[in-house]
Amino acid sequence: MSQTMGWRDSSWDEIRGMFALAPDAVHLNTGTVGAMPHDVLDTADRVTREWTGGLMDVYPPGMYPGYRGTIAQAFGVDQDEIVICHNATEGMARVIHGLDLRAGDEVLTTTHECYSVLSNFNLLRNRHGVVLTTVTLPTGYDVRAEEIVALFEAAITPRTKVLAFAGITLFTGTLLPIRALCELAQRNGLTTVIDGALVAGMLDCDFRALGADFITCSGSKYQCGPLGTGLLYVRNKVHPEHNPLPLPEFWPIISTWYPMKGAPPPRTTTAVASCNMGDYLQSAGSASIARGAALARACELWDEIGRDRIEQRIFDLARHARDRIAERFGVAAMYSPGADPRLRSPLIAFHPFRDPRDAWNVKKVGAFVARLEAEHRIWARWTEFDVAGSPHQHYAARLCTHIFNTHAEIDHAVDVMGQLADDMS
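Residues numbered from 1 in each chain as written. Predicted model: local features only at pLDDT ≥ 70, side-chain atom pairs only at ≥ 80, totals over all residues. Heavy atoms only, no water.

**Thoughts on the overall build of the protein**
Step number 1: Regarding its fold elements, the protein presents 13 helices and 12 strands.
Step number 2: Here the protein has a C-alpha radius of gyration of 22 Å; the compact-globule value for 425 residues is 22 Å, and the two agree.
Step number 3: Along the first, second and third principal axes, the C-alpha atoms of the protein reach 70 × 60 × 35 Å.
Step number 4: Within the protein, the fraction of its 425 residues that count as buried is 57%.
Step number 5: Taking the intrachain contacts of the protein between residues at least 6 apart in sequence as the baseline, contacts between residues at least 24 apart amount to 73%.
Step number 6: A total of about 17,000 Å² of accessible surface is found on the protein, and carbon and sulfur atoms cover 54% of it. (Helix = DSSP H or I, 4+ residues; strand = E, 2+ residues; numbered from the N terminus. Rg over C-alpha atoms; globule rule 2.2 N^0.38 Å. Buried < 20%, exposed > 50% of the residue type's maximum accessible area, 1.4 Å probe, protein only. Contact = heavy atoms within 4.5 Å. Areas by Shrake-Rupley, 256 points an atom, 1.4 Å probe, with all protein chains shown as cover.)

Pasting the structure below:
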C-alpha cells in the first residue's frame, strides 16, 4: 500500500506503526510532548542534509512560504496569518509583548494558565503598569460550560482590553468553550489571546471560525512535530461572520522584515490583507529550514489520515480512559470535566489516593508519577492548580490519549495506577 495518500483507510494498528515509540513503554503524556512519526524524523534529517554546508540562502527560505502555506491550509487560514515559531511559549511571549497595552489597561485571564502565560503578563504588569485580573476555573466532573462563560463575563470591567485563556488547560484538561468566549470578547470589544498549545493535532478546527485574534500552538505535542516547533495564528483580515471587530493594533517586536523607516501599510478592514503580518513575524534572521519542513510534513500526515478521524479516535480513547478512571478511583476523584461533553478533552486529571488530604501532598503525587515511569514504564505526569474555595494548591495525576494509544494500554495503565495507589496509601 502506498503510504503517501493511503493513511485515510489504514487501521489504527497500521497508523501506530508510523510512530517512533519505545516498544516497552506506554506513552500517556502527549500533553507534554508527542511521539514523532518516522516520516517526520526522516524529513528533518533529509532537509538538514540538503542545505547544511551548501550554498542555499537561509534568509528568504527562512520565511517558510511553502511550509506555512501547507500548515495554514490544515487550519483553515492563509499563509499571511501563520508563523512557525519555536514553541507555544515563544509564540505567547511574542503576542503578549506585541499587544498595544498601556498603564491601567486590564487583562483578564485565569489562574489555570501555563506558567509562561502568567509570567509574561506579570512582566507587563511590572514594566508598564498593566492590570492583571485572574479568575479560578471550576474543577470537577460536573462543571458546565455556562459556568465558565459566566465567570469570565462577571470579571469584565470597562478597563478590560484583553481576554486570554487556554483552549485546553494543561492542568485539568478542561476544553474551554472557545467560540462562546470569543463571542463574549467580541461583544465587549476585547482582543482574544488563546494558548492553544494542546489544540493543534488534536482538534479538527478552523482557526478563523473560532473567532480569536491570536492562537499559539505547540508543534511537538498533539501535532507530533519536532521539539522546538510551534505555530502562531495572527488574525490578519476581517471576516465579519467570524470576528467583526477591527484588527487589534499589534507590534511585531521580533522582526527583520518590519520597515527600517516609515510604517507598514495600515491594518485592513476587509477580508483582503493589506500587509503580510505572518512575514513580519516569521522573518527573524536565519532559521532551521528543516524544522519548518518537518512540521509541515507532520501536518500533511494528519491531513492524509483525516483530522476529523484523528479527533474522533483521540476522544474515543479518552472516553474509555475517563470511564476506567471513574470506575477505579470514583467520579469524585476527577478534576477534569466529564458530565458536559463540550468541556471534555483527552487530558484527564484525577486524585489517585484514598485520603483527600493527599491532594495537596506534592511529594506523594510526584512520587506516584515517578514510580509509574521507573517501575512500570508508564509515562504520565502530575499537575498543580488552584481549586476555588480551597486554601491549598491541589496536585493531580494526569494522563493523555493520542492516536498511537490503544484501549488495552489504557486498561493496563489504569490497573497499574490503581494498584500503585493502593500500595502507597
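**Description of the sheet that holds strand 6 (residues 191-195)**
Step number 1: Read from one edge to the other, the open sheet built from 7 strands follows the order 2-8-7-6-5-3-4, with strand pairing classed as mixed. Looking at which strands have only one partner, the edges of the open sheet turn out to be strand 2 (82-85) and strand 4 (131-135). With strand direction ignored, the average angle separating the axes of adjacent strands in the sheet is 20 degrees.
Step number 2: In this sheet, strand 6 lies alongside strand 5 (residues 160-166) in parallel orientation, the contact comprising 5 bridges. Bridging across to strand 6, Phe165 finds its partner in Ile194.
Step number 3: Lying over the sheet, helix 3 (residues 65-74) contacts strand 2 and strand 8 (230-234), oriented at roughly 115 degrees with respect to strand 2.
Step number 4: On the sheet, helix 6 (residues 145-155) packs against strand 3 (106-110), strand 4 and strand 5 and is oriented at approximately 155 degrees with respect to strand 5. (Pairing = 2+ DSSP bridges. Axes fitted to C-alpha atoms, helices over the stretch in contact; angles between N-to-C directions.)

**Regarding the layout of surface pockets**
Step number 1: One number sums up the size of the largest pocket: a volume of about 340 Å³.
Step number 2: If you trace the largest pocket, you find 27 residues lining it, with Thr89, Cys114, Leu170, Ala197 and Lys221 closest to the centre.
Step number 3: At the level of elements, helix 4 (88-96) and helix 5 (115-128) are the ones that each hand at least two residues to the lining of the largest pocket.
Step number 4: Roughly 260 Å³ of volume is contained in the second largest pocket. (1 Å grid on protein atoms, 1.4 Å probe; cavity = no way out; pocket = protein on both sides within 12 Å on 5 of 7 lines; lining within 4 Å. Points joined across faces, edges and corners; volume = space filled by probe spheres on them.)

**A short note on the state of the cysteines**
Step number 1: Scanning all chains against the criterion turns up 0 disulfides.
Step number 2: Note on Cys217: no disulfide assigned, nearest cysteine sulfur contributed by Cys205 at a separation of 7.2 Å.
Step number 3: In this structure Cys217 comes out as buried when scored by relative accessible area, which is 0%.
Step number 4: Cysteine Cys299 shares no disulfide, and the gap to the nearest cysteine sulfur, in Cys217, comes to 9.6 Å.
Step number 5: Cys299 sits in the buried class, given a relative accessible area of 0%. (Disulfide = S-S within 2.5 Å.)

**Focus: the side chain of Asp105**
Step number 1: With respect to the helices, strands and loops of the structure, Asp105 is situated in the loop between helix 4 and strand 3.
Step number 2: One buried charge, Asp105, has no salt-bridge partner; the nearest side chain with opposite charge is Arg159, at 4.3 Å.
Step number 3: Once you skip the residues sitting within four places of it in the chain, Asp105 turns out to touch Asp100, Val130, Val131, Arg159 and Lys161. (Lys, Arg positive; Asp, Glu negative; His and termini not counted. Salt bridge = Lys/Arg side-chain N within 4 Å of Asp/Glu carboxyl O.)

**Looking at the pairing of strand 6**
Step number 1: With 5 of 5 residues buried, strand 6 lies mostly within the body of the structure.
Step number 2: Tracing the backbone out of strand 5, into helix 7 (residues 178-187) and back to the parallel element strand 6 gives a crossover that is right-handed.
Step number 3: One ladder, built from 3 bridges, connects strand 6 with strand 7 (residues 214-218); its direction is parallel. The residue of strand 7 that forms the bridge with Ile194 is Ile215. (Right-handed = clockwise from strand over helix to strand, strands pointing away.)

**Observations concerning empty space enclosed by the protein**
Step number 1: On inspection of all chains with the given rule, the structure shows 1 cavity of 30 Å³ or more.
Step number 2: Taken as a whole, the largest cavity holds about 30 Å³ of empty space.
Step number 3: Arg16, Leu21, Ala22, Ala25, His27, Phe404, Asn405 and Glu409 together form the lining of the largest cavity.
Step number 4: Classifying every residue of the lining of the largest cavity by side-chain character gives 4 nonpolar, 2 polar and 2 charged. (Nonpolar A, V, L, I, M, F, W, Y, C, P; charged D, E, K, R; others polar.)

**A word on the sheet that holds strand 9 (residues 347-350)**
Step number 1: Taken in spatial order, the 3 strands of this open sheet run 9-12-11, and their pairing is antiparallel. On the outer flanks of this sheet lie strand 9 and strand 11 (381-385), each paired with one strand and no other. On average, each strand axis in the sheet is inclined to that of its neighbour by 40 degrees, with strand direction left out of account.
Step number 2: With 4 bridges joining them, strand 9 and strand 12 (residues 394-400) adopt antiparallel strand pairing. Its bridge partner lying in strand 12, Leu347 is registered against Cys400.

**Notes on the packing of aromatic side chains**
Step number 1: Within this structure, the stated rule accounts for 13 aromatic pairs.
Step number 2: Taking 5.1 Å as the distance between ring centres and 65 degrees as the angle between the ring planes, the aromatic pair formed by Phe19 and Phe404 counts as edge-to-face. One end of the pair, Phe19, is in the loop between helix 1 (12-16) and strand 1 (26-27); the other, Phe404, is in the loop between strand 12 and helix 13 (407-424), with 385 residues separating them in the sequence. Each of the two residues, Phe19 as well as Phe404, counts as buried.
Step number 3: Aromatic pair Tyr115 and Phe171: ring centres 5.5 Å apart, planes at 65 degrees, arrangement edge-to-face. Residue Tyr115 is located in helix 5, and its partner Phe171 is located in the loop between strand 5 and helix 7; the two are separated by 56 residues in the primary sequence.
Step number 4: Taking the ring centre of Phe75 as reference, the NZ or CZ of Arg307 above it sits at 4.7 Å. (Phe/Tyr/Trp six-rings, centres within 6.5 Å; stacked < 30°, edge-to-face > 60°. Lys NZ or Arg CZ within 6 Å of the ring centre and 35° of its normal.)

**Examining the pairing of strand 7**
Step number 1: Across the 5 residues that make up strand 7, a large majority, 5, are buried.
Step number 2: Side chains of strand 7 alternate between two faces, with Phe214, Thr216 and Ser218 and Ile215 and Cys217 buried alike.

Nothing here speaks to function; it is all geometry.
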